[in-house]
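Descriptive analysis of the structure
Here is how the chains run, residue by residue.
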Amino acid sequence: MNISSWYTSKKVIISLFTGVLVTISSVAVGQNNSIAQDTALYRFFAALHKADSNVISILHLGDSHVQAGFFPFTTAFFLQQDFGSAGRGWVFPYNIANTNGPSDYRWNSTGRWDADRIIDRNKSTDILGPGAIVLTSRNDAPTLAFNGRQDDDRMDNNIRQAELFFDPGTDDSSISVPGAGVDISSAPFEGGTPTLRKASLTFPAPIQAFQVRWDRQNAQPFRFYGALLQNGHNGVLYSAVGINGAMYQHYNENNGTLIAEMEVMQPQLVIISLGTNEAYGSLNTAAFREQIDEAVKVIRKYQPKAAIVLTTPPECKRVSKRAYRRKVGKKYKTYYRVAYYPNPYIAVVTQQIMSYCRENGLACWNFNGVNKAMAKSFAGGWSGDHIHFNARGYQLQGKLLYEALRNSYDKFLKVEKTHKILAE
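Residues numbered from 1 in each chain as written. Predicted model: local features only at pLDDT ≥ 70, side-chain atom pairs only at ≥ 80, totals over all residues. Heavy atoms only, no water.

The name given to the protein in an unreviewed UniProt entry is GDSL-type esterase/lipase family protein, and the organism recorded there is Chitinophaga filiformis.

This is the structure:
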């Protein structure tokens, strides 16, 4: 279920985004866009209520639906509009890894890099870091440059603080970042090598771009895991980690990524959007539930106070191609009739996620049900494979998740107000 490319011109993205803002409130009226077991989120909502005096960290974990960026990007945009922005959150050089990623920033490098992803069978390393993907270079002076889009008013790309996670393969490496104060610390997350490092950067004024260079004295592999960006303000820090083709199984088999995410991002809310790829493989319902449970247990062990929301997958379809021949001139040519039909395993995955959440007291956003109920609204939002959405479809999904969270938050405020009145 990989996406080859989701890059779209800025004008198209903004017009689509603006269109979603204008139309979504009306199309969502009357739909049951709610979060089940939302009382499980009340601790998070209590922290969110004080976002003006704290940084509220949210981690959105998933597959290609998340890696594309449009879905989590939109949810983050609206939450930060309501509760303030603490910065861009987690970023990774997807373009250098030759894969798709968010369109509001880009990385550049003069050297050659190789990438290992959580879904790869033959990885050069078992340590993938918080982003579930790592870049590797053998250059003795690897360089990277981050460039946030300064003309994009939908996402806050102002940077005052940045944390870079890397492994230079040697203890005597040096790092230089023009214009920044740099502090180096070791062991930023569990399971790394002795040379694993975190560089904490501090900029005297907000910037949108920076360059970093490492100098080493050996030919050991240099690995870069990604960066966490903040603007120095309180509010919501929304980090998204998605890998094309990922399943619960991959995050469990490489659970060092889950552990690293808990230690690095310290999320108060974890949103998990997985299940699509399971529905296109050999699905075993008992094994699937065990995979969900294993991931949830790791999160609860390493971040016990974090609230968790599981989301169900879109109403994806399968494709059927039937060949037929037609005479064109003196020759016959082969053509195909293409038909799309619902993937029955999407319903199975959806039911398993919902029932697991009910039985274990987890919050659940049944997007599959909302997606089906709003089929007309999503009609123009599918990509050609009928598995993924286009930019507009993902923006609609992201706004709906925001609305579901906001509805539950408003319920929380009413409950809190009632409790205060009764206590008086």
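**Comments concerning the overall build of the protein**
Along the backbone of the protein there are 11 helices and 19 strands. By the compact-globule yardstick of 22 Å for 424 residues, the protein fits well, its C-alpha radius of gyration being 22 Å. Expressed along its principal axes, the backbone C-alpha trace of the protein runs to roughly 85 × 65 × 45 Å. Long-range contacts, defined as pairs at least 24 residues apart, comprise 80% of the intrachain contacts of the protein with a sequence gap of at least 6. Carbon and sulfur atoms form 48% of the exposed surface of the protein, whose accessible area is close to 18700 Å². Taken as two groups, the 45 positive and 35 negative side-chain charges of the protein have centres that lie 12 Å from each other. (Helix = DSSP H or I, 4+ residues; strand = E, 2+ residues; numbered from the N terminus. Rg over C-alpha atoms; globule rule 2.2 N^0.38 Å. Contact = heavy atoms within 4.5 Å. Areas by Shrake-Rupley, 256 points an atom, 1.4 Å probe, with all protein chains shown as cover. Lys, Arg positive; Asp, Glu negative; His and termini not counted. Charge placed at Lys NZ, Arg CZ, Asp CG, Glu CD.)

**Focus: the side chain of Q303**
Positionally, Q303 belongs in the loop between α7 (285–302) and β16 (307–311). Its relative accessible area of 17% is what places Q303 among the buried residues. Setting aside its immediate chain neighbours within four residues, Q303 contacts M262, Q266 and P267. (Buried < 20%, exposed > 50% of the residue type's maximum accessible area, 1.4 Å probe, protein only.)

**A few points about helix α6 (residues 256–265)**
The α-helix advances 3.6 residues per turn, and as a result positions three or four apart in sequence lie on the same side. The buried fraction of α6 is high, at 8 of 10 residues. For α6, every residue scored as buried is listed here: T257, L258, I259, A260, E261, M262, V264 and M265. Q266, located one to two residues past α6, shows a positive phi value of around 45 degrees.

**Some words on the side chain of D63**
Residue position: D63 is located in the loop between β2 (55–62) and α3 (64–67). Lacking a salt bridge, the buried D63 has R117 as its closest oppositely charged neighbour, with an N-O distance of 12 Å. In terms of polar contacts, D63 uses its side chain to reach the backbone amide nitrogen of H65, at 3.1 Å. When neighbours within four sequence positions are excluded, D63 is seen to be in contact with G242, I243, N244, A246, S273, L274, G275, T276 and N277. (Salt bridge = Lys/Arg side-chain N within 4 Å of Asp/Glu carboxyl O. Polar contact = N/O pair within 3.5 Å; in protein donor to acceptor, adjacent residues only side chain to side chain.)

**Observations concerning the pairing of β16**
The side chains of a regular strand alternate between the sheet's two faces. Across the 5 residues of β16, 5 count as buried, placing the element largely inside the fold. Here β16 shows a buried face lined by A307, V309 and T311 and a second buried face lined by I308 and L310. As judged from the 4 bridges shared by strand β15 (residues 269–273) and β16, these two strands associate in the parallel manner. Following the sheet pairing, V270 is matched in β16 by I308. Each parallel crossover has a hand, and for β15 linked through α7 to β16 it is right-handed. Relative to strand β19 (residues 363–365), β16 runs parallel, the two being bridged by 3 bridges. Following the sheet pairing, T311 is matched in β19 by W365. (Pairing = 2+ DSSP bridges. Right-handed = clockwise from strand over helix to strand, strands pointing away.)

**Details of the pattern of salt bridges**
In this structure the tally under the stated criterion is 12 salt bridges. Its salt-bridge partner being E163, residue K198 comes within 3.7 Å of it at the nearest N-O pair. One end of the pair, K198, is in strand β11 (residues 197–207); the other, E163, is in strand β8 (residues 159–167), and 35 residues separate them in sequence. Classification of K198 as buried rests on a relative accessible area of 19%. Overlapping salt bridges, with partners in common, bring together D82, R406 and D410 in one network.

**Some thoughts on the sheet that holds β19**
Strand order in the open sheet formed by 6 strands is β1-β19-β16-β15-β2-β14, with mixed pairing between adjacent strands. Where the open sheet ends on each side, the last strands, each with one partner, are β1 (35–36) and β14 (235–242). Pairing analysis gives 8 bridges linking β2 to β14, with the strands arranged parallel. The residue bridging S57 from the neighbouring strand is L237, located in β14.

**Overview of the sheet that holds strand β4 (residues 105–108)**
One open sheet accounts for 4 strands, arranged β4-β7-β12-β9; its pairing is antiparallel. Two strands bound the open sheet, and with one partner strand each, they are β4 and β9 (174–176). Neighbour to neighbour, the strand axes of the sheet diverge by 15 degrees on average, direction disregarded. In this structure, β4 lies alongside strand β7 (residues 143–148), joined through 4 bridges in antiparallel fashion. Note that in β7 the partner of N108 across the bridge is A145. (Axes fitted to C-alpha atoms, helices over the stretch in contact; angles between N-to-C directions.)

**Some thoughts on the environment of N368**
One can find N368 in helix α9 (residues 367–373). The buried category is assigned to N368, whose relative accessible area is 3%. Distance from N368 to T195, taken between C-alpha atoms, is 44 Å for residues 173 residues apart in sequence. Look past the residues within four positions of N368 in its chain and what remains in contact with it is T312, P313, P314, E315, I346 and T350.

**A closer look at the packing of aromatic side chains**
What characterises a pair of aromatic rings is the spacing of the ring centres plus the angle enclosed by the ring planes. Using the criterion set out here, one finds 32 aromatic pairs in the structure. Plain terms: the ring middles of W365 and F367 are 5.1 Å apart, the flat faces sit at 35 degrees to each other, and that makes the pair tilted. For the pair formed by W365 and F367, the shared burial category is buried. Ring centres of F389 and Y394 lie 5.4 Å apart, and the angle between their planes is 80 degrees; this geometry places the pair in the edge-to-face category. (Phe/Tyr/Trp six-rings, centres within 6.5 Å; stacked < 30°, edge-to-face > 60°.)

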